[in-house]
Amino acid sequence: MKKNLLAIFLLLTFLINAQNRVNDKLPIITKSNSALITATGWLKNQSGQWISGKNKIPQDLGEDQKILGNYEGYGLGNDNFTSLEIKDLIIADSTYAILIKKYRDGYYTYSSIKKGWNNISGYKYFVFSKSELAKLKDVKSDSLSVITFKILSKGHVSSVNPATFIDNIIAKDIVKEMQGNKYPEYDDILNPVLGFNIHYFKVKNIVQFIFYDEPLFFLDGNFNKDDKETRVYYETDATTFKKFLNFG
């Protein structure tokens with residue numbers, strides 16, 4: 001009996017003195033009003049021919065375009081998306097903007113022999129000050145606008161099951177990314193700008209656009225902001241695009 005009482009006493013003492021475990025508060029990602037979920041991707045290939053894909057910038061596969069254009073890894077294109085959303089991100093008492101890009105991804109079970117293709121979904125996100133969105137007011141009709149948003153944080157979450165995905169997964173990744181940036185003096189290197197090219201054709205009511213957070217390596221030299229002809233972009237109707245991202 002005395003041993004039992006001693007055990008109970010020690011347990012109670014431990015519970016009383018134990019430190020409370022409190023989780024850090026995660027950033028809050030609000031719901032968006034609208035998402036862009038459809039656009040046609042266009043690329044002018046090395047033969048000077050325009051090729052297109054649904055929600056993707058296709059790879060230039062030459063004569064094998066029709067055969068391989070939608071096959072396994074080739075089907076991902078140089079870039080693709082299944083949705084683009086702008087949301088509010090609340091960290092402590094500050095509110096930021098976050099662009100979330102959901103995209104199709106995949107991998108081979110046996111990568112060395114490229115066998116056993118697996119389709120998965122991934123998410124990229126870009127955090128920036130809400131004041132950066134004011135730059136969209138400078139977009140004019142019938143001319144190419146090249147805009148850069150200064151990124152405060154960015155990251156990606158891959159191998160995600162869309163059926164079980166929640167915004168808290170991104171919120172947790174944002175915390176890790178922010179904690180990992182221990183060298184703020186290198187912010188310009190660690191957090192490059194997010195580029196955004198947009199060409200608004202008012203009469204046709206269409207928008208040609210593309211986002212990029214690194215040099216457009218996949219264009220094989222096809223992009224130059226001074227070119228009269230833009231050789232890679234997504235295209236959708238302006239009414240739909242403005243519901244996702246208002247401009248002008």
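Scroll up for the structure.
1. Regarding the environment of aspartate 24
- Locating aspartate 24 in the fold gives a position in the loop between α1 (2-17) and β1 (28-29).
- Using a relative accessible area of 67% as the deciding quantity, one classes aspartate 24 as exposed.

2. Some details on the environment of lysine 140
- Within the fold, lysine 140 resides in the loop between β9 (115-129) and β10 (144-149).
- With relative accessibility at 52%, the residue lysine 140 sits in the exposed group.
- C-alpha separation for the pair lysine 140 and isoleucine 198, spaced 58 residues apart in sequence, amounts to 9.4 Å.
- The contacts of lysine 140, once residues within four sequence positions are left out, are Ser145 and Tyr200.

3. Here we look at the nonpolar core
- Among the nonpolar cores identified, the biggest contains 33 residues, and Phe196, Phe209, Phe211, Phe241 and Phe244 are the most heavily contacted of them.
- If you list the elements that add at least two residues to this core, you get β7 (83-91), β8 (94-110), β9, β10, β12 (194-201), β13 (206-212), β14 (232-237) and α5 (238-244).
- Broken down by element, this core gets its largest block of residues, five residues, from β13.
- The contacts of phenylalanine 196, once residues within four sequence positions are left out, are Leu136, Ser145, Val146, Ile147, Phe149, Phe209, Ile210, Phe211, Tyr212, Phe241 and Leu245.
- Listed in part, the twelve residues of the second largest apolar core include Ile29, Ile98, Tyr125 and Val160.

4. Let's talk about the pattern of salt bridges
- In the structure shown here, the tally under the stated rule is six salt bridges.
- Between lysine 87 and aspartate 167 there is a salt bridge, with the nearest N and O atoms lying 2.9 Å from each other. Remark: aspartate 167 occurs in helix α3 (residues 167-180) and lysine 87 occurs in strand β7; sequence separation between them is 80 residues.
- Residue classification places lysine 87 among the buried positions, given a relative accessible area of 9%.
- With a shortest N-O distance of 4.0 Å, lysine 176 and aspartate 173 are connected by a salt bridge. Of this pair, lysine 176 and aspartate 173 both sit in helix α3, three residues apart, which is roughly one turn of that helix.
- Lysine 176 gets classed as exposed once you look at its relative accessible area, which sits at 56%.

Procedures and definitions
Residues numbered from 1 in each chain as written. Predicted model: local features only at pLDDT ≥ 70, side-chain atom pairs only at ≥ 80, totals over all residues. Heavy atoms only, no water. Helix = DSSP H or I, 4+ residues; strand = E, 2+ residues; numbered from the N terminus. Buried < 20%, exposed > 50% of the residue type's maximum accessible area, 1.4 Å probe, protein only. Contact = heavy atoms within 4.5 Å. Core = buried A, V, L, I, M, F, W, Y, C linked by side-chain atoms within 4.5 Å. Salt bridge = Lys/Arg side-chain N within 4 Å of Asp/Glu carboxyl O.

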